[in-house]
Amino acid sequence: MKKRFYLSLVILLVASMLLSACGGVQQNTGASGNVLTVRSDGEPPNLDSAISTDNISFNLLNAVMEGLMRLDKNNKPQPAMAESYTISPDKKTYTFKLRDAKWSDGKPVRAQDFEYAWKRALAPETASEYAYILYPILNAEKYNTGKAKAEDVGVKALDDKTLQVKLEAPSPYFLGLTSFATYYPQRKDIVEKYGKEYALEPNKMVYNGPFVLASWQHNESYTLKKNPNYWDKATVKLDGINFKIVKEVSSAINLYNTNNLDVVPRLSQEYVDAYKSKPDFKRVPEAVTSYLEFNMKKEKVLRNVKIRKAIQMGIDTNILANNITKDGKPATGFVPPTLQGGNGKLYREQAPAFVKFNKDEAKKLLAEGLKEEGLSQFPTMELLGDDTDVAKKALQYIKEQLRTNLGINVNIRSVPFKERLERSKNGNFQIVLSRWGADYDDAMTFLDLFVTNGGFNRGGYSNPKFDELIKKAKMNPDFNQRLQQMVEAEKILVQDDAGIAPLYWRDRLNLERPNVKGLVHHPFGADDDFKWVTLDK
């Protein structure tokens, strides 16, 4: 027996050394029956937190990684990797003290891991579309745009446990930002070891969050297991989480009804009436806006503001939200109603409606716009969107509204989520049905998308006055004055220029088994937090 014991011990030690040597994690938690099974409606496109841009990746990263702060059950940032922090009297310098925390391979989480990750996201060669979210940091934008050096950026590890951050100006939302994926730490040795392969497989990254990514069958499923090295592991009650990638809602419903799924996010409209009176049904408030974006770089006709206004005003968004998707409210602006204005009040309560359905006015504007362009009719264009059930129904409705209300013909092109992101990023579209979810609890998370040459300004919208207002608002320490600058900027973007066509503010319609407790839904940042989930017997 003793010989067998020593042989087993040797095998375990060798396996452990191999895992450590390849930078992977020790997946020795072992799931019991305490495992949650959740539907994912797509493959995570990118788990490199420096360049991730989508909510599927953000949701997964929120389970396996952790920033200086973490949003609590009330969506307020609370110390996480940071044990404490201080803010200077001028509110421009934050000093974070890190707690004793470890990565999944047992190495300590250090202040240098944050400095490295943030500067990596900002480095011009990284080409991170989310680099701009670090711009509140001193000289971050200058470094990202090649006008300063990395050492000029206002983030510095004073020692292993102390991170000092200097801002360009006081920010009402900076603490919340540090819970966002782009602000997660990264290990320089792991990133450099795997290079372009970093974060493409479970053993090609390390984790500091409540769970680790244990397996990933691409386009089918991915599995998380409890992280035994997580600093707050006593709070985590789940042994693991199984995500099944199921695009069709009908298939997800079948799996739910046969006890093969515990949580089904994002029901499509045909199931709302069947489930809305059941205890499993949950309407989760989000800060998400669906909108049409026009490619003004490629399509000359879409540079005509009267034509863009006609399209915006020619779609009855009340029917779209209430009868077609049934998962939201018609949008009267780009910023959804759940976000703060930075002055202690909700933004939308302080901003008027900028979007109104008016079929007759839309027809008049379209005729005037076409005349200005020397056209007798609007050219047939492609309307790009996702291939989910909800997106397909929304696309079909928009097509019919444009045809019946304006005589505009569009051809629908439904593609997988990842392809839609790629085509949008590369400007390979004419009109795209897009959506944006808030990254943090402030209206700026929507409005600064559309500054000239912004990373997510896919269609090439540009207005110097809009840019100037956003710049002033970002630097304004008077938060009431800042609010007025943001409202004026939104009016220019949506009402005056019709740079985009906001359609509806989305809620999430979920099925969740009654025995699933503690699943936290956030309206901004990552959708869900599984840290506090328990499964009642």
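Structure: above.
Keep in mind that what you see is a predicted model, and the values were worked out from it rather than measured. (Residues numbered from 1 in each chain as written. Predicted model: local features only at pLDDT ≥ 70, side-chain atom pairs only at ≥ 80, totals over all residues. Heavy atoms only, no water.)

## Concerning the overall build of the protein
Here is step 1 of the chain: For the protein, the helix and strand inventory stands at 16 helices and 21 strands.
Here is step 2 of the chain: In terms of C-alpha radius of gyration, the protein reaches 24 Å, essentially the compact-globule figure of 24 Å for 537 residues.
Here is step 3 of the chain: Per-residue burial over the protein gives 58% buried out of 537 residues.
Here is step 4 of the chain: In the protein, 69% of the contacts between residues at least 6 apart in sequence involve partners at least 24 apart.
Here is step 5 of the chain: As presented, the protein carries roughly 22,200 Å² of accessible surface, and 50% of it is formed by carbon and sulfur atoms. (Helix = DSSP H or I, 4+ residues; strand = E, 2+ residues; numbered from the N terminus. Rg over C-alpha atoms; globule rule 2.2 N^0.38 Å. Buried < 20%, exposed > 50% of the residue type's maximum accessible area, 1.4 Å probe, protein only. Contact = heavy atoms within 4.5 Å. Areas by Shrake-Rupley, 256 points an atom, 1.4 Å probe, with all protein chains shown as cover.)

## Regarding the pattern of salt bridges
Here is step 1 of the chain: Enumeration over the complete set of coordinates arrives at 41 salt bridges.
Here is step 2 of the chain: One salt bridge connects Asp41 with Arg266, and the closest N-O pair in it is separated by 4.0 Å. With Asp41 in the loop between β1 (35–40) and α2 (55–64) and Arg266 in the loop between β11 (263–264) and α8 (272–275), the pair connects residues that are 225 residues apart, well separated along the chain. Both residues of the pair, Asp41 and Arg266, belong to the buried class.
Here is step 3 of the chain: A salt bridge links Asp160 to Arg110, with the nearest nitrogen and oxygen atoms 3.7 Å apart. Of this pair, Asp160 sits in the loop between β6 (155–159) and β7 (162–166) while Arg110 sits in the loop between β5 (93–98) and α3 (111–122), and the two are 50 residues apart along the sequence.
Here is step 4 of the chain: One salt-bridge network, held together by shared partners, links Asp41, Arg266, Glu286, Arg506, Arg508, Asp527 and Asp528. (Salt bridge = Lys/Arg side-chain N within 4 Å of Asp/Glu carboxyl O.)

## Thoughts on the side chain of Asp386
Here is step 1 of the chain: The residue Asp386 is located in strand β14 (residues 381–386) in this model.
Here is step 2 of the chain: For Asp386, a relative accessible area of 4% puts it in the buried group.
Here is step 3 of the chain: At 2.8 Å, the side chain of Asp386 forms a polar contact with the side chain of Arg420.
Here is step 4 of the chain: Polar contacts involving the side chain of Asp386 include one to the side chain of Arg435, which spans 2.9 Å. (Polar contact = N/O pair within 3.5 Å; in protein donor to acceptor, adjacent residues only side chain to side chain.)

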